Amino acid sequence: MSRPRPLRVALIGTGFMGAAHSHAWRTAPHVFDLPPVDRSVICGRDPQRTREAAAKFGWLESSVDWREVVARDDIDIVDICTVGETHAEMAEVALAAGKHVICEKPLANTVEEAQRMTRAAQRAQARGVVSMVAFNYRRVPALAYARELISQGRLGEVRHVRAQYLQDWIADPDFPLVWRLQKDKAGSGALGDIGAHVIDAAEYLTGQRIERVSAMLHTFVSERPLAENMVGLSGTGGADRGEVTVDDAALIHATLSGGAIAAIEATRFATGRKNSVRIEINGSRGSVAFDFESMNELLFHDADLADIEGGFRRIYVTEPDHPYAGAWWPPGHGLGYDHTFVHEVVDFVRAIGSGTPPTPSFAEGLHVQRVLEAVEASARTGSTWTAIDQDEEGRS
């Protein structure tokens, strides 16, 4: 029996996300039942750094011309792990070339870019070409299991959502002015970088859409030292510091389509918090609570039990019947951050094989982009409430 032709992947980006996605492409076919996958080529900007990344991450080739790679007949999948300002162009070109596309979050820097990407994805889908936004926290087994409990009605009517993403990596005012602190490159600051994750998670878990927001954004450090090799910043006058043009923290109140209310926070100034993703959902019949710092655990309260048995109990989400967990280790042997990217690749490749559109779709990514834009508008104008555009283009 002949071996099926492997899916051939081109990854664009050699940084932090490029490393995470490279690990996922390497690992997924060895743990899960998938068709073979070839890590064909990795693309970057600097020739030497890209060659080094190819050798380190196990890619067969390296290239500094992503357009040439995307146009190749021997590439099936394009994985975009680059700065936000490049997502729209890369995705549109890849989809037009008939490549399946997975793109890091947030989908784009603006709603207009996300709209273009969604239209391109919809045109490609009609030709059997699929696309997906890489919101990796959906693939944490404990959160996927929480979604199952909520969809089964175990929480009853969802009433409250509390979601936080807390980091502290730029709390030092002398941390350099990297691209994530420049609006033209990143789109927004903590809001889009990490807030987008918990916005998506709140909607994913509840099955409800955010309909309106009232928000505040704040920047604690307005100027930072210029990063090495960073040139051409306008307004710096040759000084050694440049302007921070994004938010450092976001506070959001929101209403959801099913009647729930939400409090969402994202900050990169929570000293002592390295990567704390916290979500609690309260319903009429129970609650779930999750903290990524204990990522293999889900706390569940069943309000149908007698008061004498009430309170949160810990579920260790490592049993074979828990989402994703059965492919890995024996029960009790926990998973880590890297596994979430492996699970993304698994779901994406399986969607390609079945011809089923994967989730979250570009349309879902567009909706998150609309929420980000509404948050910025609310913060800018001081509006009590800003509605989210819910047009059909943004529906998955």
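The rules behind each value
Residues numbered from 1 in each chain as written. Predicted model: local features only at pLDDT ≥ 70, side-chain atom pairs only at ≥ 80, totals over all residues. Heavy atoms only, no water. Helix = DSSP H or I, 4+ residues; strand = E, 2+ residues; numbered from the N terminus. Buried < 20%, exposed > 50% of the residue type's maximum accessible area, 1.4 Å probe, protein only. Contact = heavy atoms within 4.5 Å. Lys, Arg positive; Asp, Glu negative; His and termini not counted. Charge placed at Lys NZ, Arg CZ, Asp CG, Glu CD. Pairing = 2+ DSSP bridges. Phe/Tyr/Trp six-rings, centres within 6.5 Å; stacked < 30°, edge-to-face > 60°.

(A) Structural context of the overall build of the protein. Tallying secondary structure elements over the protein gives 10 helices and 17 strands in all. Considering only C-alpha atoms, the protein reaches an extent of 65 × 65 × 40 Å along its principal axes. Here the protein holds 396 residues, and the buried ones make up 55% of them. At a minimum sequence separation of 6, the contacts of the protein that also span at least 24 residues come to 71%. Charged side chains in the protein number 41 positive and 54 negative. The centres of these two groups are separated by 2 Å.

(B) Expanded view of the pairing of strand β15 (residues 297-302). Only one face of β15 is covered, namely the one carrying Leu298, Phe300 and Asp302; the face carrying Glu297, Leu299 and His301 has none of its residues buried. Taken together, the four bridges between strand β14 (residues 286-291) and β15 define a ladder with antiparallel strand orientation. Bridge pairing in β15 links Gly286 to Asp302. Where β14 hands over to β15, the hairpin turn is made up of five residues, counted between the paired strands. Two strands pair when backbone bridges link them, and β15 and strand β16 (residues 313-316) are joined in this way by four bridges, in the antiparallel orientation. Each bridged residue has a counterpart across the sheet, and for Phe300 the counterpart in β16 is Arg313.

(C) Focus on the packing of aromatic side chains. As enumerated under the stated definition, the model contains 10 aromatic pairs in all. A centroid spacing of 6.2 Å and a plane angle of 80 degrees characterise the contact between Phe292 and Tyr337, whose relative ring orientation is edge-to-face. In this pair, Phe292 sits in the loop between β14 and β15 while Tyr337 sits in helix α9 (residues 337-354), placing the two residues 45 residues apart along the sequence. You can call Phe292 buried: its relative accessible area is 10%. Three or more aromatic residues link up through ring pairs in this structure, and these residues are Phe16, Tyr137, Tyr165, Phe292, Tyr337 and Phe341.

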